[in-house]
Amino acid sequence: MQTRGEFFVSAPGKVILHGEHSVVHGKVALAVSLNLRTFLRLQVTSSGKVSINLPNIDTFLSWEITALQPLLAGCKVLAEQGDPKELDAALLKRLREFAGLSEESTDTRSMAVLAFLYMYLSVFAESPAGITVSVWSELPTGAGLGSSAAYNVCLSAALLSAKGTVSYPLTPQQESARWSREEMELINRWAFMGEKIIHGNPSGVDNAVGTWGGFLRYHAGNITPLSWVPILRILLANTKVPRSTKVLVSGVKDKINKFPSVMKPVLESVSAVSCTCEQTLTEMATQGPSAEHYDILEELIDINQHHLNVMGVGHSSLDTLCRVTLARGLHSKLTGAGGGGCGITLLRPETDASVIQSTVEELKACGFDCWETSIGAPGVQQHSSAALRQDILKILNSY
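This is a predicted model, so every value here is computed, not measured.

### Observations regarding the packing of helix H5 (residues 181–199) against helix H6 (residues 205–212)
Where H5 meets H6, the closest approach of the two axes is 9 Å, and the angle between their N-to-C directions is 145°. Our pair here, H5 against H6, has a crossing hand that is right-handed. Side by side, H5 and H6 meet where Arg181, Met184, Glu185, Ile187, Asn188, Ala191, Phe192 and Glu195 of the first sit next to Asp206, Asn207, Ala208, Thr211 and Trp212 of the second. Classifying every residue of the contact of H5 with H6 by side-chain character gives six nonpolar, three polar and four charged.

Next comes the structure, spelled out in C-alpha cells:
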C-alpha cells in the first residue's frame, strides 16, 4: 500500500514537431511530448540523510541533513515561501563547493546532482526532512529529447508533494493522477529553476512540455498548451552523431546576418508550417483524423526538413534517415538543433507492422538507435506502484 511518505512520478521527454530554431528568432514553434518517460521514486525517511540514486549514470550519493542546513544561511530562498522567482547565485555557489563541483563542471551527473540539492534545500528550507530519491529514464541523455527537463519536472513534482506544497492527487481508486492547473504551474516554475541550473538560459519549452504534456505552441516567449490534440505514432531515430546546439544556433544566426533577404522568408515559412500544422492537429482532434490530415502532416514534414537543410542544420545522417524511410512511403525530419542528433518519422494508422519492422532494422544497420513510440503523451503524473511496468518498478525499488 502506497503511503504519503512514498511518491512515484513520471514525466515525458519532448520533440520539436515544427519550428526548430524558430524559438531563437521569435517565430512560432510546436513542441510535443514524447512517450518515453523519466520515472522517479521519492521516499520520506527518518534517516537524517538526503540521498539520490541515478541508475542510468550509475550514481549514488548521500548527505547528512545537518551538513546541508548551514548552506541556507542568509539565502533568499528562505523568503520565497515555496514559489521561486530566480536562482539564488549564493546558494548555487555554496552547493558547488560543498559537492566538489567546479564552475566548469557541466557533465550530466554533476548537473543532475546540483539541481537536486538546490531544489531540495529550496523546497524544504524551513523543515528539512530525510528523503531518498531514485531515478530511471527511458530517454537517452544529450540527444535533444528533453531528458534533463523530464528529470527536473519529476524532481519538482515529487519534492513539492512530499513537502505538502502541492496536493496528493492520487486516490485509492486511481493508478495515475495529475495535479490541478495552479499546482502544475508551480511544478513547472520549479522545474524551470532546475533547467536554469543545468542549461543556463533555457527557453522554458522543455520543462513546459514535461509538465503539461501534449502539444505546446511557442511564440515570442509565450508558451500555450493546445487542448484536444491527437496522439500520433512515430519512429524516433537517434543518429548518435554528436552536435553542439550552441554552434548550430550560431551558424543559423550568421547565415541570417549574411543573407537576410533570403533567410528571413525561410523563417517566416517555417513559422507558417507550424501554424498550418497546429490547425491540422486541431481539426484532427475535433473532426477525427482522416487520410487527408495525414497527407498534410507528411507534406509539412517534408517542407520543414527542406527548410532546415537550407538553414544549414542538416546532416548526412539525417539525409540517410529520410532516404531509408521515404523508400517505404514514410516521411521524416530532424528534431532539435540538427547537425545529427535525432529525427522523427510519422506513422500512419494503416502503416503495416512489417514496414515498420524492416525500417527499424535498416536504420539500426545504419548505426542508429530506434524506438517505435508516440507523441502527444500526458505530462507529469503521480502513479501508484501498480501502475508502473514491473521492470521499471524493479529498478526503482532496487536501491
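### Here we look at the packing of helix H4 (residues 147–163) against H5
Where H4 meets H5, the axes come as close as 8 Å, and the angle between the chain directions of the two elements is 135°. Between H4 and H5, the angle falls in the class oblique. The handedness of the crossing between H4 and H5 is right-handed. For the pair H4 and H5, contact is made by Ser148, Ala149, Asn152, Val153, Ser156, Ala157 and Leu160 and by Leu186, Ile187, Trp190, Ala191, Gly194, Glu195, Ile198 and His199, respectively. In terms of residue class, the contact of H4 with H5 is built from nine nonpolar, five polar and one charged.

### Observations concerning the packing of aromatic side chains
Summed over the entire model, instances satisfying the criterion amount to three aromatic pairs. Relative to Tyr168, the ring of Phe7 has its centre 5.8 Å away and its plane inclined at 65°; by these criteria the two rings are edge-to-face. Placement of the pair is Phe7 in strand S1 (residues 6–18) and Tyr168 in the loop between H4 and strand S6 (176–177), with a sequence separation of 161 residues. Tyr168 carries the same exposure label as Phe7, and that label is buried. The interplanar angle of 25° and the centroid separation of 5.2 Å between the aromatic rings of Tyr120 and Phe124 together place this pair among those described as stacked.

### Focus: the layout of surface pockets
By volume, the second largest pocket amounts to about 260 Å³. Asn188, Arg189, Asn207, Ala208 and Ile223 are the residues nearest the centre of the second largest pocket, which is lined by 17 residues in total. The set of elements that each furnish at least two residues to the lining of the second largest pocket consists of H5, H6 and strand S8 (222–225). It is H5 that provides the largest number of residues to the lining of the second largest pocket, a total of six residues. Split by residue class, the lining of the second largest pocket holds eight nonpolar, five polar and four charged.

### Structural notes on empty space enclosed by the protein
All told, the structure shown has one cavity of 30 Å³ or more when counted by the stated rule. Every residue lining the largest cavity is listed: Leu17, His18, Leu232, Ile234, Cys277, Leu297, Ile301, Ile344, Leu346 and Ile375. Elements supplying a minimum of two residues to the lining of the largest cavity: S1, strand S9 (232–238), helix H9 (291–310) and strand S11 (342–347). Residue composition of the lining of the largest cavity, grouped by class: nine nonpolar, one polar and no charged.

### Thoughts on helix H7 (residues 245–258)
Between its first and last C-alpha, H7 extends 20 Å over 14 residues, near the 20 Å set by a 1.5 Å rise per residue. Listing the buried residues of H7 in full gives Leu248, Val249, Val252 and Ile256. Along the long axis of H7, the arc covered by the buried residues comes to 100°, so they all point the same way. Opposite the buried face of H7, by more than 90 degrees, sit the exposed residues Lys246, Val247, Asn257 and Lys258. In this structure, the buried side of H7 is in contact with helix H8 (260–287).

Definitions and limits used
- Residues numbered from 1 in each chain as written.
- Predicted model: local features only at pLDDT ≥ 70, side-chain atom pairs only at ≥ 80, totals over all residues.
- Heavy atoms only, no water.
- Axes fitted to C-alpha atoms, helices over the stretch in contact; angles between N-to-C directions.
- Helix = DSSP H or I, 4+ residues; strand = E, 2+ residues; numbered from the N terminus.
- Left-handed = near helix turned anticlockwise from the far one by under 90°.
- Contact = heavy atoms within 4.5 Å.
- Nonpolar A, V, L, I, M, F, W, Y, C, P; charged D, E, K, R; others polar.
- Parallel < 35°, antiparallel > 145°, perpendicular 65-115°, else oblique.
- Phe/Tyr/Trp six-rings, centres within 6.5 Å; stacked < 30°, edge-to-face > 60°.
- Buried < 20%, exposed > 50% of the residue type's maximum accessible area, 1.4 Å probe, protein only.
- 1 Å grid on protein atoms, 1.4 Å probe; cavity = no way out; pocket = protein on both sides within 12 Å on 5 of 7 lines; lining within 4 Å.
- Points joined across faces, edges and corners; volume = space filled by probe spheres on them.
- Expected span 1.5 Å × (residues − 1).
- Arc of directions from axis to C-beta.

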